[in-house]
Amino acid sequence: METTTTVLGRLRGAQKTAKGVSLYSRYVNRPAGRVFAAAAYRLGMTPHQVTLTSAAFTFTALACVALAHPGPGVAVLVYLGLAVGFALDSADGQLARLTGRGGPDGEWLDHVVDCAKMILVHTVVLIAFYRYFALPGDGWLLLPLGFLFVAVLTFCAGLLREQLGKVAAHGAGAPAPAAPPSRLRAVALLPADYGVFCLVFLLLGDETAFRTGYAVLAAVHALFLVLFLGKWFRELKALRAN
């Protein structure tokens, strides 16, 4: 069997493009996913099994948010569960490309898990707010609902942009050469990265700090949604014109 070093070398050559990816995903999550993918390959795991393992880590961490009283220890455990789950979410695709076992079924399963994660992460914050937090007012209960709306709309609109773009590009013939990834864009995208969002759960032991950090991220994600919607609409309109 191939050594881990050899497998890691092959995985480095099976990476997605870095375009449109934040610094966290490029330099933290993807490399961590590469290590997990190499370990999964050595263990004979399938990409589907890695996806389900990712879901197990993520959903267990989210259950802790809803069911355990917030505290420093819970905060660290929740963050580690979410971070490992996110790295495994990168590993399944890397393993699929390495083994040539990718397909629509794997992509579907990955998106289903991502969608469930996105809905649950804000739902459990709402539950924690209601059960454990001494909120200044009931209006704070609307914050997770608003964040959930922004997250789901961003996810669905982005997925539609990707799929409709592929259809339009296919009809137009050969796609235009991709521009090289921009480091400035990678930095600008950091606040919208799920891995960066997970860091706010390290504040779970301090109610005020967590509420403030969560509210700031909600506002930033809402701003990014407005920017993304305009950008994606213009891109699809340009594809139609071509």
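Residues numbered from 1 in each chain as written. Predicted model: local features only at pLDDT ≥ 70, side-chain atom pairs only at ≥ 80, totals over all residues. Heavy atoms only, no water.

Draft legend 1. How the structure looks around the overall build of the chain. The helix and strand inventory of the chain stands at 9 helices and 0 strands. Along the chain, from the amino end to the carboxyl end, the secondary structure elements read α-α-α-α-α-α-α-α-α. When each of the 242 residues of the chain is scored for burial, the buried share is 40%. Intrachain contacts of the chain at a sequence separation of at least 6 include 83% that bridge at least 24 residues. Accessible area of the chain: about 12900 Å², with a carbon and sulfur share of 70%. (Helix = DSSP H or I, 4+ residues; strand = E, 2+ residues; numbered from the N terminus. Buried < 20%, exposed > 50% of the residue type's maximum accessible area, 1.4 Å probe, protein only. Contact = heavy atoms within 4.5 Å. Areas by Shrake-Rupley, 256 points an atom, 1.4 Å probe, with all protein chains shown as cover.)

Draft legend 2. Region of interest: the pattern of salt bridges. For the coordinates displayed, the defined rule picks out 4 salt bridges. Residue Glu235 is joined to Arg161 by a salt bridge in which the shortest nitrogen-to-oxygen separation is 2.8 Å. Note that Glu235 is positioned in helix α9 (residues 207-241) and Arg161 in helix α6 (residues 142-172), a separation of 74 residues in sequence. The partly exposed category is assigned to Glu235, whose relative accessible area is 26%. Note that Glu235 and Lys231 form a salt bridge whose closest N and O atoms lie 2.5 Å from each other. Taken together, the residues span about one helical turn, with Glu235 and Lys231 both in helix α9 at a distance of 4 residues. Among the charged side chains, a salt-bridge network with shared partners connects Asp89, Asp114 and Lys117. (Salt bridge = Lys/Arg side-chain N within 4 Å of Asp/Glu carboxyl O.)

Draft legend 3. Fine view of helix α3 (residues 47-67). The end-to-end C-alpha distance of α3, which contains 21 residues, comes to 30 Å, matching closely the 30 Å that a straight helix rising 1.5 Å per residue would cover. For α3, the secondary structure elements touched by its buried residues are α2 (23-43), α4 (72-99), α5 (104-132) and α8 (194-198). (Expected span 1.5 Å × (residues − 1).)

Draft legend 4. Inspection of the nonpolar core at higher detail. In terms of nonpolar packing, the biggest core is built from 32 residues, with Leu82, Phe197, Phe201, Phe210 and Tyr214 touching the most fellow members. Only α3, α4, α5, α6, α8 and α9 provide two or more residues apiece to this core. Sort the elements by how many residues they give to this core and α4 lands first, with 7 residues. In this view, Phe197 contacts Val121, His122, Phe147, Tyr214 and Leu217; residues no more than four positions away in its chain are not counted. (Core = buried A, V, L, I, M, F, W, Y, C linked by side-chain atoms within 4.5 Å.)

Draft legend 5. Molecular detail of the packing of α3 against α4. One can describe the packing of α3 onto α4 by two numbers: an axis separation of 8 Å at closest approach and a directional angle of 165°. Taken together, the axes of α3 and α4 lie roughly antiparallel to each other. Here the hand of the crossing between α3 and α4 comes out left-handed. In the contact of α3 with α4, the residues fall into 15 nonpolar, 7 polar and 2 charged. (Axes fitted to C-alpha atoms, helices over the stretch in contact; angles between N-to-C directions. Parallel < 35°, antiparallel > 145°, perpendicular 65-115°, else oblique. Left-handed = near helix turned anticlockwise from the far one by under 90°. Nonpolar A, V, L, I, M, F, W, Y, C, P; charged D, E, K, R; others polar.)

Draft legend 6. The arrangement of α2 in detail. Helix length check: α2 (21 residues) gives 29 Å between terminal C-alpha atoms against 30 Å at 1.5 Å per residue, within 8%. The sharpest bend along α2 comes to roughly 35°, located at Asn29, with the proline Pro31 sitting one to four residues further on. Taken residue by residue, α2 has Leu23, Tyr24, Ser25, Arg26, Asn29, Arg30, Gly33, Arg34, Ala37, Ala38 and Ala40 as its buried positions. One or two positions beyond α2, positive phi appears at Gly44, with a value near 80°. (Bend = angle between axes of the 7 residues up to and from the residue.)

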